[in-house]
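# Close look at the chain arrangement
Each chain is listed here by its residues.
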Amino acid sequence: MNRLIGVSICFCFMVSMALAMGGPAPRPTETAAPPAAAPTVMAEKVLLIDDFESGSIKSPREWWTFDLQKAEPVSNKELKSGDEKVASAVGNYSLLLTGMAKNWYSGGVGTYLAKENQDLSKYTNFQMDVFGNGPGSGTAKIELVDDDNSNWTVEQDPAKNYALTKDDKFVYEVKVDWDGWKRVSIPLADFVDDNPGVGDDVWNPQQTNGSGGLLQVQFICIAATDKGKVNFNLDNVSLTMGQ
């Protein structure tokens, strides 16, 4: 399988500077029972990761947070601008991510995805609804980790800013510079291997030979300036087929 094609080389340089100042909290290294799967919508075409309608980041899907000043579900009652079709589909709650940056980096959130007998290789796109607050809202760096040593665990090195030591990390950056709701759909083929030389450098979302496949997703929040403020909402985070 060919390696995925990279995007945004210049901006990634700024991001690497930012993340050198601090990184995500480590995923526990012991193998734990996979969490209950989020409900699915049109199961054949869409795997809903989370729509935050529970009003909680602890249930039914648990999200961990790191460094952000605020990462919590908030009411969509006043969030009506932007694409009307998207605004009508976001439900009652979305996930607000906001906080001041230090050297561009503001923090982030993540969740564990793997579930027994869950083949994610049929999905082709990563999709989410994003509410922006105009130019300067920040950038969401999406990180996807696949299992390359067949233990369903994401190993990290705390001494190296929690860098992955065994598995691949594929990334894509979404610059949020619009007002209101917008649906973003990214071909998984557009994600780039962010840690070449670690893992097998191949996108492996499938569960074969004991692998957990696609293990987790994280959103790293990056400000528009080195000391700026990140401020946007996420909703209907999904894997989809086609388009």
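An account of the accompanying structure is given in this report. Since the structure is predicted, the reported quantities are computational estimates derived from the model, not experimental observations.

Cut-offs and rules
- Residues numbered from 1 in each chain as written.
- Predicted model: local features only at pLDDT ≥ 70, side-chain atom pairs only at ≥ 80, totals over all residues.
- Heavy atoms only, no water.
- Helix = DSSP H or I, 4+ residues; strand = E, 2+ residues; numbered from the N terminus.
- Buried < 20%, exposed > 50% of the residue type's maximum accessible area, 1.4 Å probe, protein only.
- Areas by Shrake-Rupley, 256 points an atom, 1.4 Å probe, with all protein chains shown as cover.
- Pairing = 2+ DSSP bridges.
- Core = buried A, V, L, I, M, F, W, Y, C linked by side-chain atoms within 4.5 Å.
- Contact = heavy atoms within 4.5 Å.

## Section: the overall build of the chain
Scanning the chain from N- to C-terminus turns up 2 helices and 14 strands. Across the 243 residues that make up the chain, the buried fraction comes to 51%. Here the chain displays about 11,300 Å² of accessible surface, and carbon together with sulfur accounts for 52% of that area.

## Description of the pairing of strand β10 (residues 168–176)
Of all 9 residues in β10, 8 are buried, a share of seventy percent or more. In the sheet, strand β7 (residues 138–146) pairs with β10 via 9 bridges, with the strands oriented antiparallel. By the bridge assignment for β10, G138 is matched with V176. Where β10 and strand β12 (residues 192–193) come together, 2 bridges link them in antiparallel fashion. Opposite V171, over in β12, you have V192 as the bridge partner.

## Here we look at the nonpolar core
Core analysis: the largest hydrophobic core is formed by 40 residues, its most contacted members being F126, M128, I142 and F219. Where this core is concerned, the elements lending two or more residues are β1 (46–50), β4 (93–100), β6 (125–133), β7, β10, β11 (179–187), β13 (214–222) and β14 (229–240). Top contributing element to this core by residue count: β14, with 5 residues. Discounting residues that sit within four places of it in the chain, M128 has contacts with I142, V174, K182, R183, V184, F219, L234, D235, N236 and V237. Judged by nonpolar contacts, the second largest core, of 13 residues, contains V145, W152, V154 and L215.

## Observations concerning the sheet that holds β13
An order of β2-β5-β13-β7-β10-β12 is seen for the 6 strands of this open sheet, with the pairing classed as antiparallel. Each edge of the open sheet carries a strand with a single partner, namely β2 (63–66) and β12.

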